Structures are given as structure tokens and as C-alpha cells.
Amino acid sequence: MTSQQTRRVLIKLSGEALGGAAGFGIEPEILQHKAEELAALTREGVQCAVVLGGGNIFRGAALQKAGLDRVVGDQMGMLATIMNGLAMKDAVQRAGVPCVLMSTYGIPSMTVQYQAVLGRELLAQGNVLIAAGGTGSPFFTTDTTAVLRAVELNCDEVFKGTKVDGIYSADPVTHPDAVLYRHLTFKEVIAQELQVMDLTAFALARDHQMPIRVFNLNKEGALRRAALGADEGTLVAD
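Residues numbered from 1 in each chain as written. Predicted model: local features only at pLDDT ≥ 70, side-chain atom pairs only at ≥ 80, totals over all residues. Heavy atoms only, no water.

1. Thoughts on the overall build of the protein chain
Part 1: Scanning the protein chain for helices and strands turns up nine helices and eleven strands.
Part 2: For 238 residues, the compact-globule estimate of 2.2 N^0.38 gives 18 Å, and the protein chain sits close to it at 17 Å.
Part 3: A principal-axis box enclosing the C-alpha atoms of the protein chain has dimensions of 50 × 50 × 35 Å.
Part 4: Counting every position in the protein chain, which comprises 238 residues, the buried fraction comes to 48%.
Part 5: Carbon together with sulfur atoms contributes 55% to the accessible area of the protein chain, which is approximately 10900 Å² in total.
Part 6: If you average the places of the 21 positive and of the 25 negative side-chain charges in the protein chain, the two averages end up 2 Å apart. (Helix = DSSP H or I, 4+ residues; strand = E, 2+ residues; numbered from the N terminus. Rg over C-alpha atoms; globule rule 2.2 N^0.38 Å. Buried < 20%, exposed > 50% of the residue type's maximum accessible area, 1.4 Å probe, protein only. Areas by Shrake-Rupley, 256 points an atom, 1.4 Å probe, with all protein chains shown as cover. Lys, Arg positive; Asp, Glu negative; His and termini not counted. Charge placed at Lys NZ, Arg CZ, Asp CG, Glu CD.)

In C-alpha cells, the structure reads:
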């Protein structure tokens, strides 16, 4: 793991988060705001790795129902994460911080081939690191990708940004009396099948003792507080 003086975190952002209210496409103001948050954290000494989803560009569910092969759909989704990565890389660089886009797919003119050892070196040198292209294999979500990359890059914690303040006992939108959990074990999350992240991601995190913090991505200052070690949102750890 990183030293006590340096925090290294992996931030999982959904593609829909970049799409604003519509959840589709990329809203320039949202993109720049997230990039500036990453840049500010980096200046404070936090090493930031990022995994982006691709749902704002491609959603394969409808096409798969119409007969699109699942493998093809997942490959298209992984390419969508690279498109989001290109946009985020540009925005972070415009915010004044170096950023490297790595991908499981070799696209030399656009990305650097993902390698865990190189990724750790880039983070230590003060770069924001974006890991795009998913795992490179179909049937795995970007949630699982986020945990996998966090383990490979020796991160201290995974941050999962959502639209609510953490993990609740029920959907807080439809159940106003739902209870916000401040701490859960991996066993509790898996047993209750809480759907904040897919269960494969939680199982991988459990096996490698990788804490996951779920918090409200849209809450001003929440990312910074979490990255600096505050008790923000819900912590899943044993």
C-alpha cells in the first residue's frame, strides 16, 4: 500500500454522471467540474485513479433484446469508456494537472496500453490515471473493473459515486424512512444483495480486503472529504 502520508484512491464514475439530467452524452460543465475536483485533489497530494462507465454513450440492453450478441454489446460498451476517458483526460489537463489515459485495448495514437506497474509509477509521479476499456473481457462490469484496478494499483480505497448519500436499507426515493448505513461488512452486502455495485465487484473487494466507500457524487465537497479520510457516505469493509 501507499505510505501513511500519501493517499491513493480509485474513483468510479458512471457514464451517466457525465450526462447530467438526461444521463446521455457529455455535459461540458459537469465534465469540467469533475476534472477540477480531481485536479484539486492531486494538488493536495492525493493520488487519483479513475474508472469511467460508458452508459452515457452506449446502452446495449435494448439492442441485446433485439438480438445483438452480448459479447459485441460489451465490446461496444468498453469502447464507450475510452471515449469518456478521452474527454476526462482533456478536461483534467485543461485544469492544469497531468493526466494519462490507459486502456486495455491498444490504441497507440490515443491511449497508453494498461500495465499495472506503469500505472503505479504514473500515480506516484503526480498524474491522474484513467483506466479505460473495462477489463478487456465481456461479462464484467466497470464496477468490477474499478475494484480490479484498485487492487492492481495498490490503492487504499475505492470510491463509488452515486446520486444518494450512501447505502440505504431501501431505495430512499421511494422509501423516505429508509435507513442510511454508515458501515457494512462485505458479508452483509453480499447476503442482502444490495445493488449499489454488482456482487462480483464486492466479492473481489472482499477477497483482497479493498474497502469501498459509497457516497453522493453530487454533494459539494463530498469527494474531497472522502479522499482526505473523512467518514463520508457508507464504508464497506471487514
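2. A word on the pattern of salt bridges
Part 1: Per the stated rule, a full pass over the model turns up 14 salt bridges.
Part 2: Here aspartate 74 makes a salt bridge to arginine 70, at a shortest N to O gap of 2.9 Å. With aspartate 74 and arginine 70 both in helix 4 (residues 70-94) and four residues apart, this pair spans about one turn of that helix.
Part 3: Owing to a relative accessible area of 38%, arginine 70 belongs among the partly exposed residues under this scheme.
Part 4: Among the salt bridges present, the one from aspartate 231 reaches arginine 213, with a minimum N-O distance of 3.6 Å. One end of the pair, aspartate 231, is in the loop between helix 9 (222-227) and strand 11 (234-236); the other, arginine 213, is in strand 10 (residues 212-216), with 18 residues separating them in the sequence.
Part 5: One connected set of salt bridges, linked through shared partners, spans Arg7, Glu157, Arg213 and Asp231. (Salt bridge = Lys/Arg side-chain N within 4 Å of Asp/Glu carboxyl O.)

3. Section: unusual backbone geometry
Part 1: The backbone of phenylalanine 139 shows a phi angle near 75°, a positive value even though the residue is not glycine.
Part 2: With respect to the helices and strands, phenylalanine 139 occurs in the loop between strand 5 (128-132) and helix 6 (142-152).
Part 3: A positive phi angle, close to 50°, is found at glutamine 209, a residue other than glycine.
Part 4: The topology assignment puts glutamine 209 in the loop between helix 8 (199-207) and strand 10.
Part 5: Given a relative accessible area of 47%, glutamine 209 falls into the partly exposed group.

4. Examining the packing of aromatic side chains
Part 1: One pass over the structure, following the stated rule, counts one aromatic pair.
Part 2: Plain terms: the ring middles of phenylalanine 159 and phenylalanine 215 are 6.0 Å apart, the flat faces sit at 85° to each other, and that makes the pair edge-to-face. A residue pair is termed long-range when its members are at least 10 positions apart, and phenylalanine 159 in strand 6 (residues 157-162) and phenylalanine 215 in strand 10 qualify at 56 residues.
Part 3: Over the ring of tyrosine 114 we find arginine 149; its NZ or CZ atom is 4.0 Å from the centre of that ring. (Phe/Tyr/Trp six-rings, centres within 6.5 Å; stacked < 30°, edge-to-face > 60°. Lys NZ or Arg CZ within 6 Å of the ring centre and 35° of its normal.)

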